[in-house]
Protein chains: 2
Amino acid sequence: MTNKSNDPDHPGTEAHRPRSFAGRPATITDVAREAGTGKTSISRYLNGETGVLSRDLLGRIEAAIAKLDYRPNQMARGLKRGRNRLIGMLLADLTNPYSVEVLQGVEAACHALGYMPLICHAANEVDMERRYLQLLTTYRVEGVIVNALGVKEELLQGFTHGGIPVVLVDRTVEGIVTDMVGLDNPAAVALATRHLVDEGFDELLFIVQPVTHVSSRRLREAAFRETVASLRASGSTLVIDLASAASALAELDERIDAARAAGKRVALFAANGPVALRVAVHLKERFGTNWQASVALLAIDDSEWAQLAGMTAVRQPTYEIGRRAVEFLHERLGGAAMPARECLLPGELIVRGSTHCAVPEQAQLPSQGL
Amino acid sequence: MTNKSNDPDHPGTEAHRPRSFAGRPATITDVAREAGTGKTSISRYLNGETGVLSRDLLGRIEAAIAKLDYRPNQMARGLKRGRNRLIGMLLADLTNPYSVEVLQGVEAACHALGYMPLICHAANEVDMERRYLQLLTTYRVEGVIVNALGVKEELLQGFTHGGIPVVLVDRTVEGIVTDMVGLDNPAAVALATRHLVDEGFDELLFIVQPVTHVSSRRLREAAFRETVASLRASGSTLVIDLASAASALAELDERIDAARAAGKRVALFAANGPVALRVAVHLKERFGTNWQASVALLAIDDSEWAQLAGMTAVRQPTYEIGRRAVEFLHERLGGAAMPARECLLPGELIVRGSTHCAVPEQAQLPSQGL
DNA sequence: TTGTACGCGTTATCAC
DNA sequence: GTGATAACGCGTACAA
């Protein structure tokens with residue numbers, strides 16, 4: 001099984017193939033042999049323990065590494081060390097730009113701290129989540145960042161009991177106390193709701209997906225009702241299941257009509273980006289391309305199309321959320337043993353035309369709406 | 001996932017910590033000891049070599065595994081076996097829905113074939129791409145799927161020379177001959193261009209990002225010109241750099257005005273989703289919310305907002321692209337030694353209002369456009 | 001049918 | 001300064 005790639009008596013041969021020989025990547029042993037030394041010195045060099053090595057040996061090592069194009073095997077390294085610099089990142093839905101943006105923060109932070117994110121995309125399937133969670137333990141990730149929908153207490157206990165730190169993103173999980181980072185939902189919702197009221201809308205309709213086990217949805221809905229109450233405004237909630245939205249959309253139409261018939265200026269408040277898109281598409285089908293003039297729409301999540309639609313939105317500090325999640329994990333991995341933390345970041349209201357100035361007579365008449 | 005608590009002589013104690021003992025995950029040795037047997041039998045059980053094991057032993061093994069909540073260490077397994085079931089997936093830009101959709105195909109196929117995708121997101125940064133490519137070799141992935149922008153021959157040679165199969169997605173890389181899967185660009189562009197001409201548009205403007213080193217962009221642009229020529233239509237190309245789009249957009253305005261002044265019915269053809277969005281936002285700023293009535297827009301990539309904007313688009317078989325990429329890789333990993341293949345999948349034209357019937361007098365007059 | 005011994009690539013320990 | 005050698009967790013001849 002020895003290979004000593006190309007000995008001095010065959011110079012120039014295989015010059016274009018720096019690797020040991022066939023397919024197999026060079027190992028630390030290959031490098032040691034090539035440099036005429038033992039594995040220990042190579043390992044020392046790799047781990048930055050220079051200064052302990054003689055000038056001469058150091059040069060030989062570098063030459064050998066370059067010649068063989070050697071890269072240390074992270075798997076073996078992890079096996080020995082007990083840690084492989086892998087951290088798991090479970091995402092419920094990459095179709096949601098929110099997830100992608102958080103991911104970018106996570107990646108940047110990992111990059112900076114020397115971790116490698118093992119990204120798992122559940123694609124909204126609960127079994128996938130379970131399966132991926134299993135896989136993550138199998139690959140011995142050092143920690144996990146979780147943003148999922150169906151994850152229950154039991155699934156995460158495998159990690160917490162195993163001493164593997166878990167950081168939750170956007171939503172909490174019942175029965176699990178651990179670090180969490182996400183949007184300050186109450187503040188964000190209050191901000192947006194106040195904006196609608198300030199602009200003169202007097203019938204608010206909050207539209208949200210089924211809140212089952214997704215804490216952020218529950219929090220947003222609750223915050224909406226509280227704010228509406230505290231402002232003595234009129235508002236209600238509509239639950240929509242994106243998988244089968246027909247009935248909810250019909251209900252939506254009715255409520256809009258009813259409010260208008262009562263002379264109210266109605267504004268729709270979508271609890272997140274996907275909901276907003278579904279609603280917007282529906283409004284466009286009903287009111288035509290100029291639907292914006294007929295009904296106001298605001299959303300949490302500043303989707304890429306929000307600018308195109310001129311929709312007011314609450315921008316989440318997504319990048320920062322991802323960054324902080326990794327930082328939390330890093331601290332835990334460093335041995336920090338503090339109680340579970342909760343990091344709630346503020347959202348930013350981006351005002352666009354969709355919620356601008358609801359003066360009743362002006363917007364209604366010239367439009368062909370309804 | 002029940003874990004029959006613990007042994008009979010300590011009932012109730014530590015019921016909440018099924019793992020071996022302290023944080024450390026159980027090893028195969030622990031299981032062997034627990035089951036009162038050797039590691040070999042455990043290994044056999046894990047690899048499905050049942051039937052070779054006695055009824056009794058099998059039961060003990062299952063019990064031990066459940067009790068210790070044992071999960072084989074993929075790292076160690078990979079180290080020994082020489083393959084760790086990891087395949088690298090390098091993506092240029094997850095912000096582009098195209099990438100996410102391809103990814104979903106990749107994940108599903110990996111899932112089905114027993115691989116674990118190691119997802120690397122370069123976020124449009126060339127150094128990131130290089131760095132991730134390094135990391136992938138470091139983690140000894142068995143194969144790579146690459147969809148990147150700045151990747152050059154040399155970077156990929158590390159894999160090909162190392163005998164690690166590479167599959168390219170959407171674009172080829174100069175100097176690298178290897179499996180590739182993507183859209184049938186010539187056919188897709190021809191399809192869309194013909195549609196525009198059929199609908200009565202007689203001034204076509206193809207808008208594309210700088211084609212430097214991205215083969216798919218070049219192919220699309222070339223196909224556009226060829227089709228325009230073969231149809232004896234009038235068309236030109238505009239290059240836009242999304243990072244600094246101002247000048248290109250100004251140029252766009254001029255060309256639109258010129259064409260209109262000449263009595264032409266102009267249609268814009270965006271080479272991909274991100275370009276389409278940028279252009280659409282610009283058109284909206286210029287022509288107002290009803291910009292659709294003023295100028296036709298068509299794009300390759302059926303973005304999520306396309307339906308909202310009522311934009312005609314060419315839907316790429318993204319999911320299938322991802323699936324095929326993994327299949328190609330799987331075949332190579334199985335030892336298949338055929339020449340490099342190229343799999344070009346057809347796109348699907350989704351006709352929406354934006355390109356509907358360019359009868360000149362009807363669409364222009366009632367709109368307040370320009 | 002079951003157990004023993006060795007090696008995968010790396011790091012840690014302890015000699016020299 | 002440097003280099004053998006023993007683990008890390010697992011798979012696999014080979015022996016029993």
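These numbers come from a predicted model, not from an experiment. Each chain has its residues counted from 1, following the order in which its sequence is written. Chain A is the first chain written and ligand 1 is the first ligand written, with later ones labelled in order. Totals for whole chains, interfaces and linings use all residues, but because this is a predicted model, local features are given only for residues with pLDDT of at least 70 and pairs of side-chain atoms are given and counted only at 80 or more. Side-chain numbers here rest on the full set of heavy atoms in the structure, without hydrogens or water.

### Observations regarding the overall build of chain A
Put simply, the test is: A run of H or I in DSSP becomes a helix once it reaches four residues, and a run of E becomes a strand once it reaches two; helices and strands are each numbered from the N terminus. For a compact globule the rule gives 2.2 Å times the number of residues to the power 0.38, and the radius of gyration it is set against comes from C-alpha atoms. For each residue, the accessible area found with a 1.4 Å probe, counting protein chains only, is set against the maximum for its type, and the residue is called buried under 20%, exposed over 50%, and partly exposed in between. The protein chains shown are the only cover counted for residues, whose accessible areas, like all others here, come from Shrake-Rupley with a 1.4 Å probe. Charged-residue counts in this description rest on Lys and Arg as positive and Asp and Glu as negative, His and the chain ends being excluded. Note on charges: their place is set at NZ of Lys, CZ of Arg, CG of Asp or CD of Glu.
Secondary structure assignment for chain A yields 14 helices and 12 strands. Scaling as 2.2 N^0.38, a compact globule of 370 residues should have a C-alpha radius of gyration of about 21 Å, whereas chain A reaches 28 Å, well beyond that. Taking all 370 residues of chain A together, the buried fraction comes to 49%. When the accessible surface of chain A is split by element, carbon and sulfur atoms take 52% of a total near 16,000 Å². Averaging the positions of the 40 positive and the 43 negative side-chain charges in chain A gives two centres separated by 7 Å.

### Brief notes about the sheet that holds strand 8 (residues 266-270) of chain A
Residue and element names in this part refer to chain A. Formally: At least two DSSP bridges between two strands are required for those strands to pair. Helix axes are fitted only over the stretch in contact, all axes being lines through C-alpha atoms; the angle between N-to-C directions runs from 0 to 180 degrees. Only heavy atoms matter for contacts: two residues are in contact if any of them lie within 4.5 Å across the pair.
Across the sheet, which stays open at both edges, the 6 strands sit in the order 7-6-8-9-10-12 with mixed pairing between neighbours. Across the chains shown, the open sheet's two edge strands, defined by having one partner strand only, are strand 7 (235-239) and strand 12 (348-350). Mean inter-strand twist for the sheet, computed between neighbouring axes without regard to direction, equals 20°. Pairing analysis gives 4 bridges linking strand 8 to strand 9 (residues 296-300), with the strands arranged parallel. Counted as the bridge partner of Ala 270 is Ala 299 from strand 9. Strand contacts of helix 10 (residues 246-261): strand 6 (203-208), strand 7 and strand 8, with the helix running at about 165° to strand 7, the strand carrying the most contacts.

### Some words on the protein's contact with DNA strand D
We apply this condition: Here a residue is near a molecule or strand as soon as one of its heavy atoms is found within 4 Å of it. By the criterion applied in these results, polar contacts are pairs of N or O atoms within 3.5 Å in which, for protein atoms, one can donate a hydrogen and the other can accept it, and in which residues neighboring in sequence qualify only through two side-chain atoms. When residues are sorted by character, Ala, Val, Leu, Ile, Met, Phe, Trp, Tyr, Cys and Pro go into the nonpolar class, Asp, Glu, Lys and Arg into the charged class, and all the rest, Gly among them, into the polar class.
If you check the shell around DNA strand D, you find 24 residues, and the closest are A:Thr37, A:Thr40, A:Arg44, A:Ser54 and B:Ile28. Backbone atoms, meaning sugar plus phosphate, form 54% of the atoms of DNA strand D positioned within 4 Å of the protein. Here a phosphate oxygen of DNA strand D and a backbone polar atom of B:Ile28 are 2.3 Å apart. With respect to DNA strand D, the backbone of B:Asn73 contributes an N or O atom lying 2.9 Å from a phosphate oxygen. Listed by contribution, the elements that provide at least two residues to the surface near DNA strand D are helix 2 (39-46) and helix 4 (74-81) of chain A together with helix 2 (39-46) and helix 4 (74-81) of chain B. Broken down by element, the surface near DNA strand D gets its largest block of residues, 4 residues, from helix 2 of chain B. Its residues placed into classes, the surface near DNA strand D shows 8 nonpolar, 10 polar and 6 charged.

### A closer look at the sheet that holds strand 11 (residues 342-345) of chain B
The strands that make up a sheet are held in pairs by hydrogen bonds between backbone atoms, and each pair lies either parallel or antiparallel. Residues and elements named next belong to chain B. The strand order across the open sheet formed by 6 strands is 2-1-3-4-5-11, and the pairing between neighbours is parallel. The sheet is open, and its two edges are formed by strand 2 (116-121) and strand 11, each paired on a single side. Ignoring strand direction, the axes of neighbouring strands in this sheet form an average angle of 15°. In terms of strand pairing, strand 1 (residues 86-91) meets strand 3 (residues 143-147) through 5 bridges, oriented parallel. Opposite Ile 87, over in strand 3, you have Gly 143 as the bridge partner. On the sheet, helix 5 (residues 97-113) packs against strand 1, strand 2, strand 3 and strand 4 (166-169) and is oriented at approximately 175° with respect to strand 1.

### Re the UniProt feature "domain: HTH lacI-type" (unreviewed entry) in chain A
This is how it is decided: UniProt positions are given in the numbering used here, feature names are shortened, and annotations may be inferred rather than shown by experiment.
UniProt annotation of "domain: HTH lacI-type" (unreviewed entry) refers to residues 26-81 of chain A when read in the numbering used here. Span residues 26-81 of chain A is 68% helix and 0% strand, its end C-alpha atoms 20 Å apart.

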